[in-house]
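# Structural features, examined
The chain contents come next:
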Amino acid sequence: MSQPPKQLKLAFFASGNGSNLQAILDACASSELDMSPQVVISNNSKAYALTRGQLAGIGSHHFSSKTHPHNLDQTILNTLLEHSVDLIVLVGYMKKLGDEILERFRGRVLNIHPALLPEFGGHGMYGLKVHQAVVAAGATHSGATVHLVDSEYDTGPILSQARIPLSSGETPESLAAKVLALEHRLLVETLQKIASGELELEGLKT
Ligand code: GRF
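Keep in mind that this is a model prediction, so the values were computed, not measured.

### Some remarks on the site of the ligand
Surrounding the ligand, one finds Asn17, Gly18, Ser19, Asn20, Gly92, Ile112, His113, Pro114 and Glu183. Ser19 places a polar side-chain atom, nitrogen or oxygen, 2.5 Å from an oxygen atom of the ligand. Its free accessible area being 370 Å², the ligand has 79% of it covered by the protein chains. Judged by the proximity of its atoms to the pocket grid, the ligand belongs to the largest pocket. Taken together, the elements giving at least two residues each to the shell around the ligand come down to helix H1 (19-29) and strand E5 (109-113). Considering only residue class, the shell around the ligand consists of two nonpolar, six polar and one charged.

### Some thoughts on the side chain of Thr190
For Thr190, the position within the fold is in helix H6 (residues 172-196). Ignoring anything within four residues of it in the chain, the contact list for Thr190 reads Val146, Leu159, Ser160 and Leu199.

### Quick notes on the nonpolar core
In this structure, Phe12, Ile24, Met35, Leu87, Val91, Leu110 and Leu191 are the most contacted members of the largest nonpolar core, which totals 43 residues. The dominant element in this core, judged by the number of residues it contributes, is H6, at nine residues. Leaving out residues up to four positions away in the same chain, Leu87 has contacts with Leu8, Lys9, Leu10, Ala11, Met35, Arg108, Leu110, Leu191, Ile194, Leu201 and Leu204. Grouped together as the second largest cluster of nonpolar side chains are 18 residues, Ile41, Leu80, Ile88 and Tyr93 included.

### With respect to the layout of surface pockets
Counted as a void, the largest pocket has a volume near 870 Å³. Contributing to the lining of the largest pocket are 38 residues, with Gly92, Tyr93, Met94, Ile112 and Tyr126 lying nearest its centre. Elements supplying a minimum of two residues to the lining of the largest pocket: H1, E5, helix H5 (128-136) and H6. If you tally residues by element for the lining of the largest pocket, the top one is H6, at four residues.

### A few points about the environment of Leu148
Its location among the elements puts Leu148 in strand E6 (residues 141-148). Judged by relative accessible area, Leu148 falls into the buried class, the value being 14%. With sequence-adjacent residues up to four places away left out, Leu148 is seen in contact with Gly107, Val109, Leu110, Gly156, Pro157, Leu159 and Leu201.

### Digging into the pattern of salt bridges
In total, this model carries five salt bridges according to the counting rule given. The salt bridge partner of Asp86 is Lys6, with a shortest N-O separation of 2.9 Å. Of the two residues, Asp86 is situated in the loop between helix H3 (72-82) and strand E4 (87-90) and Lys6 in the segment before strand E1 (8-13); the sequence distance between them amounts to 80 residues. Residue Asp86 is classed as buried on the basis of its relative accessible area, which comes to 9%. The structure contains a network of salt bridges with shared partners spanning Glu200, Glu202 and Lys205.

Definitions and cut-offs
Residues numbered from 1 in each chain as written. Predicted model: local features only at pLDDT ≥ 70, side-chain atom pairs only at ≥ 80, totals over all residues. Heavy atoms only, no water. Near = heavy atom within 4 Å. Polar contact = N/O pair within 3.5 Å; in protein donor to acceptor, adjacent residues only side chain to side chain. Areas by Shrake-Rupley, 256 points an atom, 1.4 Å probe, with all protein chains shown as cover. 1 Å grid on protein atoms, 1.4 Å probe; cavity = no way out; pocket = protein on both sides within 12 Å on 5 of 7 lines; lining within 4 Å. Sits in = over half its atoms within 2 Å of the grid points. Helix = DSSP H or I, 4+ residues; strand = E, 2+ residues; numbered from the N terminus. Nonpolar A, V, L, I, M, F, W, Y, C, P; charged D, E, K, R; others polar. Contact = heavy atoms within 4.5 Å. Core = buried A, V, L, I, M, F, W, Y, C linked by side-chain atoms within 4.5 Å. Buried < 20%, exposed > 50% of the residue type's maximum accessible area, 1.4 Å probe, protein only. Points joined across faces, edges and corners; volume = space filled by probe spheres on them. Salt bridge = Lys/Arg side-chain N within 4 Å of Asp/Glu carboxyl O.

Structure, rendered in structure tokens:
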């Protein structure tokens, strides 16, 4: 008889509000998603994502080049290992992960981007700037992308996408709100597929 898949332990990296983090925490709390949130790490001491982590009763840490000028990457890596993290989810994290962390977690780091990659991604494409570029380009559709993280911005293999049409008179702000709601669903659905084994990540195979 085959073994049931083990419950994957999650770490989150966030720099801001953390609404995507909340969507995952809520899905785990309601058992809609069979994964185990362990820890939130933020480079921003004021990130509401840290409060969300505390309210959920999981580890919540502010680690930055100011708090750890000499051993930031090692501190982050130690924290991930202490929590036996299987999978990392970047939910609005504005920093790059260090090389050693990427190496140790190769194929096990996901990012959510608020557009249909490979378009409208890359360095400097974040927040409202993405939606401003989409509207300015006259795109008929936008959406959200979940992808694996490599050492560049927004370039790793795409795991899933969701699309929505732009309405007439769409503004970057109205598009941002629509895409964010889409992101919450796409991220949870993608993690559900990973949890069930429908979506296999090479990096999770031992
Ligand atoms: C989202 O738009 C995500 O795609 C991007 O950063 C934003 C984070 O939003 N990477 P929130 O903090 O989850 O609300």
